[in-house]
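Results of the structural survey
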Amino acid sequence: DQQVKQNSPSLSVQEGRISILNCDYTNSMFDYFLWYKKYPAEGPTFLISISSIKDKNEDGRFTVFLNKSAKHLSLHIVPSQPGDSAVYFCAASARNFGNEKLTFGTGTRLTIIP
Amino acid sequence: DTAVSQTPKYLVTQMGNDKSIKCEQNLGHDTMYWYKQDSKKFLKIMFSYNNKELIINETVPNRFSPKSPDKAHLNLHINSLELGDSAVYFCASSQVGLGSYEQYFGPGTRLTVT
């Protein structure tokens, strides 16, 4: 049972345009959401996160939106740059008094076309 | 300065052998994790340790035994390796209790069992 889903395995975007990556979740206990970026042969790198008490969090070119009623979050990258080409993982966590764990989606491969 | 390091980066071995993967973090975090990324690129938690104490064990076969000599190290020992153990194994660390759940990952160890 996959509790975090990224339904688009790949996405191609022109350099300078906006990239929108989507993520859906099923577990209503999740209260914290994160996006990770992964280059080949490297570990996932933390990008941006959002608590369930917010609906938007922005950090430079990266913005994460959370729609709790739809159990949906998205990552917007604008403007997209060639170095953004990577696999992006959505992850979610539920408060569990020190037993927190991340549940990951299967990733979306983003390709930025120069 | 590598925050989370793993050795070795690549490991090729035969079925039935016993092998270990080492992980070290210099972030001062109190919690460390092992994740497995399988052939479908699905990243799933295996174990977590908080201050050398096992917190999460996600129904991993008991051929896998984590060992935490101190809170900066979490090693993974695998007995009687099987073909299905071939995967990329990621170590991660975090500081629990700060209200955020960011985990920081090592570069991964690609294990190939032949």
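This text goes with the structure placed above it.
Residues numbered from 1 in each chain as written. Chains lettered and ligands numbered in written order. Predicted model: local features only at pLDDT ≥ 70, side-chain atom pairs only at ≥ 80, totals over all residues. Heavy atoms only, no water.

To continue, consider the overall build of chain B. Assigned secondary structure in chain B consists of zero helices and eleven strands. Going residue by residue from the N terminus, the α and β elements of chain B occur as β-β-β-β-β-β-β-β-β-β-β. In terms of overall dimensions, chain B is globule-like: its C-alpha atoms have a radius of gyration of 13 Å, near the 13 Å expected for 114 residues. If you line up chain B on its principal axes, its C-alpha atoms span 40 × 30 × 25 Å. Intrachain contacts of chain B at a sequence separation of at least 6 include 55% that bridge at least 24 residues. On chain B, roughly 5,600 Å² of surface is accessible, and the fraction owed to carbon and sulfur atoms is 49%. (Helix = DSSP H or I, 4+ residues; strand = E, 2+ residues; numbered from the N terminus. Rg over C-alpha atoms; globule rule 2.2 N^0.38 Å. Contact = heavy atoms within 4.5 Å. Areas by Shrake-Rupley, 256 points an atom, 1.4 Å probe, with all protein chains shown as cover.)

Counting 24 residues, the largest nonpolar core has A:Phe33, A:Trp35, A:Leu73, A:Leu75 and A:Tyr88 as its most contacted members. Going through the elements one at a time, β3 (19–25), β4 (32–38), β5 (45–51), β7 (62–67), β8 (72–77), β9 (86–93) and β11 (108–113) of chain A are the ones with two or more residues in this core. When residues in this core are grouped by element, the largest group, four residues, is from β9(A). Counting residues in hydrophobic clusters, the runner-up holds 20 residues, among them B:Cys23, B:Phe64, B:Ala87 and B:Val113. (Core = buried A, V, L, I, M, F, W, Y, C linked by side-chain atoms within 4.5 Å. Buried < 20%, exposed > 50% of the residue type's maximum accessible area, 1.4 Å probe, protein only.)

What follows is about the interface of chain B and chain A. Accessible area lost upon the coming together of the parts is a frequently used measure of interface size. Taken together, the contact between chain B and chain A spans 22 residues of the former and 22 residues of the latter. Between chain B and chain A the total buried area reaches about 1,900 Å² when both faces are included, carbon and sulfur atoms providing 62% of it. The tally of links between chain B and chain A comes to one salt bridge. A salt bridge links A:Lys101 to B:Glu58; the nearest nitrogen and oxygen atoms lie 2.9 Å apart. Where chain B packs against chain A, one counts five residue pairs in polar contact (both at pLDDT 80 or more). Considering every element that reaches the side of chain B that touches chain A, the biggest residue donor is strand β4 (residues 31–37) of chain B, with three residues. Of the residues in the side of chain B that touches chain A, the class split is 13 nonpolar, five polar and four charged. (Buried area = accessible area lost by both parts, 1.4 Å probe. Salt bridge = Lys/Arg side-chain N within 4 Å of Asp/Glu carboxyl O. Polar contact = N/O pair within 3.5 Å; in protein donor to acceptor, adjacent residues only side chain to side chain. Nonpolar A, V, L, I, M, F, W, Y, C, P; charged D, E, K, R; others polar.)

Such coordinate-based values are descriptive only and should not be taken to indicate function.
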